[in-house]
Amino acid sequence: MSIEEYRQLRAYARYDGIYLGVIWVASFACLIGMSAFPQLSMLSMAIALTTPFFVGMQLKKYRDEGLDGRLTFSRGLLYCFRVFLNAALLFAVAQWAYMQFIDNGRLAGMLQSIFIQDDAQVILKQAGIKAEELVAAFAEVSPLQFALTYLVENVAIGVFLSLPIAAVMKK
């Protein structure tokens, strides 16, 4: 891959990563809003589940427009890695900002309301965890720790999803 081809890949992946990050932020916003409107939890899940299809669609666009219809598995894999990394970085910054400046314990309260339900109590009891301890531990997590945890998780999920997306879209 030449330097120009790599720059082109970076440019496509940067913009598509921004778009994916915005999608993830919308999903997170729906998750936060589900305490007021329970229907938003389903919308949050639906938005999150569109991730591999969105990345696949954008990879197809990159393949057809930027590469004249020819895409190797390795280039597709690199593109997907970069998209997921860019999206995860943007999403981590958004999560940190939310937890630092807006949340004020709302997410911990929402978790507490979930954990006091009978179904959750049974699961937690089987795991040997007390709901109060779990909520207290979550409340002690700093906004930076929260964002970094999900940054690592989102990058790992992106690596995992990149393999089948690149394999399907190679041509």
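**Focus: the overall build of the chain**
Turning to step 1, where the next piece is worked out: When its secondary structure is counted, the chain shows eight helices and zero strands.
Turning to step 2, where the next piece is worked out: Secondary structure elements of the chain occur, N-terminal to C-terminal, as α-α-α-α-α-α-α-α.
Turning to step 3, where the next piece is worked out: The principal-axis extent of the C-alpha atoms belonging to the chain is close to 55 × 30 × 30 Å.
Turning to step 4, where the next piece is worked out: Scored against the burial criterion, the 171 residues of the chain give a buried share of 36%.
Turning to step 5, where the next piece is worked out: Partitioning the contacts of the chain with sequence separation of at least 6, the portion at a separation of at least 24 is 77%.
Turning to step 6, where the next piece is worked out: On the chain, roughly 10,300 Å² of surface is accessible, and the fraction owed to carbon and sulfur atoms is 67%.
Turning to step 7, where the next piece is worked out: Taken as two groups, the 14 positive and 13 negative side-chain charges of the chain have centres that lie 12 Å from each other.

**Topic: a nonpolar patch on the surface**
Turning to step 1, where the next piece is worked out: Taken together, the side chains of Tyr-15, Ile-18, Tyr-19, Val-22 and Leu-90 present a nonpolar region at the surface, about 470 Å² in accessible area.
Turning to step 2, where the next piece is worked out: Broken down by element, the nonpolar patch gets its largest block of residues, four residues, from helix α1 (residues 3-33).
Turning to step 3, where the next piece is worked out: Of note, Ile-18 is situated in helix α1.

**Quick look at helix α5 (residues 106-115)**
Each full turn of the α-helix corresponds to 3.6 residues, which orients residues three or four apart in the same direction.
Turning to step 1, where the next piece is worked out: Here α5 has its buried residues at Leu-107, Ala-108, Met-110 and Phe-115. Mapping the buried residues of α5 onto a view down its axis gives an arc of 160°, with all of them on the same face.

**Comments concerning the packing of aromatic side chains**
Turning to step 1, where the next piece is worked out: Tallied over the entire structure, the rule returns nine aromatic pairs.
Turning to step 2, where the next piece is worked out: With centroids separated by 5.9 Å and ring planes inclined at 65°, the aromatic side chains of Trp-24 and Phe-91 adopt a geometry described as edge-to-face. With Trp-24 in helix α1 and Phe-91 in helix α4 (residues 73-102), this pair connects stretches of sequence that are 67 residues apart.
Turning to step 3, where the next piece is worked out: Judged by its relative accessible area of 9%, Trp-24 is buried.
Turning to step 4, where the next piece is worked out: What makes Phe-91 buried here is its relative accessible area of 8%.

**Some remarks on the pattern of salt bridges**
Turning to step 1, where the next piece is worked out: Counting across every chain of the model gives four salt bridges.
Turning to step 2, where the next piece is worked out: Here Arg-75 and Glu-5 are joined by a salt bridge, their closest N and O atoms 3.3 Å apart. On the criterion of sequence distance, the pair formed by Arg-75 in helix α4 and Glu-5 in helix α1 is long-range, its members being 70 residues apart.
Turning to step 3, where the next piece is worked out: The salt bridge partner of Arg-63 is Asp-64, with a shortest N-O separation of 3.1 Å.
Turning to step 4, where the next piece is worked out: Residue classification places Arg-63 among the buried residues on the basis of a relative accessible area of 7%.
Turning to step 5, where the next piece is worked out: On the basis of relative accessibility, which here comes to 32%, the residue Asp-64 falls in the partly exposed class.
Turning to step 6, where the next piece is worked out: Each of Lys-60, Arg-63 and Asp-64 takes part in a single network of salt bridges with overlapping partners.

**Here's the deal with the environment of Cys-80**
Turning to step 1, where the next piece is worked out: Examined against the element boundaries, Cys-80 turns out to sit in helix α4.
Turning to step 2, where the next piece is worked out: For the pair formed by Cys-80 and Gln-58, sequence separation is 22 residues and the distance between their alpha carbons is 9.4 Å.
Turning to step 3, where the next piece is worked out: Once residues within four sequence positions are removed from consideration, Cys-80 is found in contact with Val-55, Leu-59, Ser-162, Ile-165 and Ala-166.

Parameters and conventions
- Residues numbered from 1 in each chain as written.
- Predicted model: local features only at pLDDT ≥ 70, side-chain atom pairs only at ≥ 80, totals over all residues.
- Heavy atoms only, no water.
- Helix = DSSP H or I, 4+ residues; strand = E, 2+ residues; numbered from the N terminus.
- Buried < 20%, exposed > 50% of the residue type's maximum accessible area, 1.4 Å probe, protein only.
- Contact = heavy atoms within 4.5 Å.
- Areas by Shrake-Rupley, 256 points an atom, 1.4 Å probe, with all protein chains shown as cover.
- Lys, Arg positive; Asp, Glu negative; His and termini not counted.
- Charge placed at Lys NZ, Arg CZ, Asp CG, Glu CD.
- Patch = residues over 30% accessible without salt bridge, like charges linked within 9 Å, V, L, I, M, F, W, Y side chains within 5 Å.
- Salt bridge = Lys/Arg side-chain N within 4 Å of Asp/Glu carboxyl O.
- Arc of directions from axis to C-beta.
- Phe/Tyr/Trp six-rings, centres within 6.5 Å; stacked < 30°, edge-to-face > 60°.

Limitation: the analysis is restricted to geometry and does not speak to function.
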